[in-house]
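Spelled out from the first residue to the last, the chains are:
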Amino acid sequence: MNKAIREVLDWVIIIAIAFGASYALRHWVVQPYRIQMSSMETTVFPNDLVMVDKISYDFHQPRRGDVIIFWPPGVTTGDPYIKRVIGLPGETVEAKGGKIYVNGKAADEVYLHGYVMPDFSPTPVPQGQLFVMGDNRAVSLDSRSFGTIPTSSIIGRAMFAYWPLKHFVVLRAQTGLAQ
């Protein structure tokens, strides 16, 4: 085979492998998402880019406080939602006196800033479902309005916001319960 043809063929193979690896990583492992809504302010803001881990929930269940990207009930096109996991399967979530309670224990939500939560009645979280809420509770469309979400609707766990750089933040599970 001609040396020039072999060189072109080598480059075509390298480029094909690079595109294939990039597609596989983005489709099954990690993917960037642009935040479209203000429901998670002051944690992340509209137009921030977050990196989403799409594989970890294959190895463990979502944890309280995880920030997740998911499709809300009845929606499969457009932009997915970003919210924080508040209630896990088998738990009951309610708000009273301006605080969230999970199974009667107050949630320690250090990421909230000044919003007083209106009361809502106890909401049981069925198996295979999660109760999610935005950090900007005043404007968030979340489980208070559309109910619990199936874990199968989760795209992945938001690991960190990285753009713009001034909004860089690692998104850790930060919700504990009072003892």
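Model, not experiment: these values are computed from the prediction. (Residues numbered from 1 in each chain as written. Predicted model: local features only at pLDDT ≥ 70, side-chain atom pairs only at ≥ 80, totals over all residues. Heavy atoms only, no water.)

**So, the overall build of the protein**
Alright, step 1. Secondary structure summary: the protein contains 2 helices and 13 strands in total.
Alright, step 2. In terms of C-alpha radius of gyration, the protein reaches 20 Å, well past the compact-globule figure of 16 Å for 179 residues.
Alright, step 3. Across its three principal axes, the protein shows a C-alpha extent of roughly 80 × 35 × 30 Å.
Alright, step 4. Evaluated residue by residue, the protein yields a buried proportion of 39% over its 179 residues.
Alright, step 5. Residue pairs in contact within the protein that sit at least 24 positions apart in sequence constitute 59% of those at least 6 positions apart.
Alright, step 6. When the accessible surface of the protein is split by element, carbon and sulfur atoms take 60% of a total near 9900 Å².
Alright, step 7. Computed over 17 positive and 15 negative side-chain charges, the separation of the two mean positions in the protein equals 3 Å. (Helix = DSSP H or I, 4+ residues; strand = E, 2+ residues; numbered from the N terminus. Rg over C-alpha atoms; globule rule 2.2 N^0.38 Å. Buried < 20%, exposed > 50% of the residue type's maximum accessible area, 1.4 Å probe, protein only. Contact = heavy atoms within 4.5 Å. Areas by Shrake-Rupley, 256 points an atom, 1.4 Å probe, with all protein chains shown as cover. Lys, Arg positive; Asp, Glu negative; His and termini not counted. Charge placed at Lys NZ, Arg CZ, Asp CG, Glu CD.)

**Remarks on the UniProt feature "active site" (unreviewed entry) in the protein**
Alright, step 1. Taken from the UniProt record, the annotation "active site" (unreviewed entry) applies to Ser-39 and Lys-83. Across 45 residues in sequence, these annotated residues keep their C-alpha atoms within 7.6 Å of one another, forming a single compact spot.
Alright, step 2. Within the secondary structure, Ser-39 is located in the loop between strand S1 (30–34) and strand S2 (49–53).
Alright, step 3. The buried category is assigned to Ser-39, whose relative accessible area is 4%.
Alright, step 4. Side chain to side chain, Ser-39 and Lys-83 meet in a polar contact 2.8 Å long.
Alright, step 5. Its place among the elements puts Lys-83 in strand S4 (residues 81–87). (UniProt positions renumbered as here; feature names shortened; annotations may be inferred. Polar contact = N/O pair within 3.5 Å; in protein donor to acceptor, adjacent residues only side chain to side chain.)

**Re the packing of aromatic side chains**
Alright, step 1. If you walk through the whole model with that rule in mind, you get 6 aromatic pairs.
Alright, step 2. Measuring from centroid to centroid gives 5.8 Å for Phe-120 and Phe-131, while their planes differ by 15°, and the two rings are stacked. Taken together, the residues Phe-120 in strand S8 (residues 120–124) and Phe-131 in strand S9 (residues 129–133) connect sequence positions 11 residues apart. Residues Phe-120 and Phe-131 agree in their burial class; the two are buried.
Alright, step 3. Members of the aromatic cluster, connected to one another through ring pairs, are Phe-70, Tyr-81 and Phe-146.
Alright, step 4. For Arg-84, the ring lying beneath its charged end belongs to Tyr-111, and the centroid distance is 3.7 Å.
Alright, step 5. Cation over ring: Lys-96 sits above Tyr-101, and NZ or CZ is 5.0 Å from the ring centre. (Phe/Tyr/Trp six-rings, centres within 6.5 Å; stacked < 30°, edge-to-face > 60°. Lys NZ or Arg CZ within 6 Å of the ring centre and 35° of its normal.)

**A closer look at a nonpolar patch on the surface**
Alright, step 1. Judged by side-chain polarity, Val-8, Leu-9, Val-12, Ile-13 and Ile-17 come together as a nonpolar surface patch covering roughly 440 Å² of accessible area.
Alright, step 2. The residue Ile-13 is located in helix H1 (residues 3–29) in this model.
Alright, step 3. On the basis of relative accessibility, which here comes to 41%, the residue Ile-13 falls in the partly exposed class. (Patch = residues over 30% accessible without salt bridge, like charges linked within 9 Å, V, L, I, M, F, W, Y side chains within 5 Å. Salt bridge = Lys/Arg side-chain N within 4 Å of Asp/Glu carboxyl O.)

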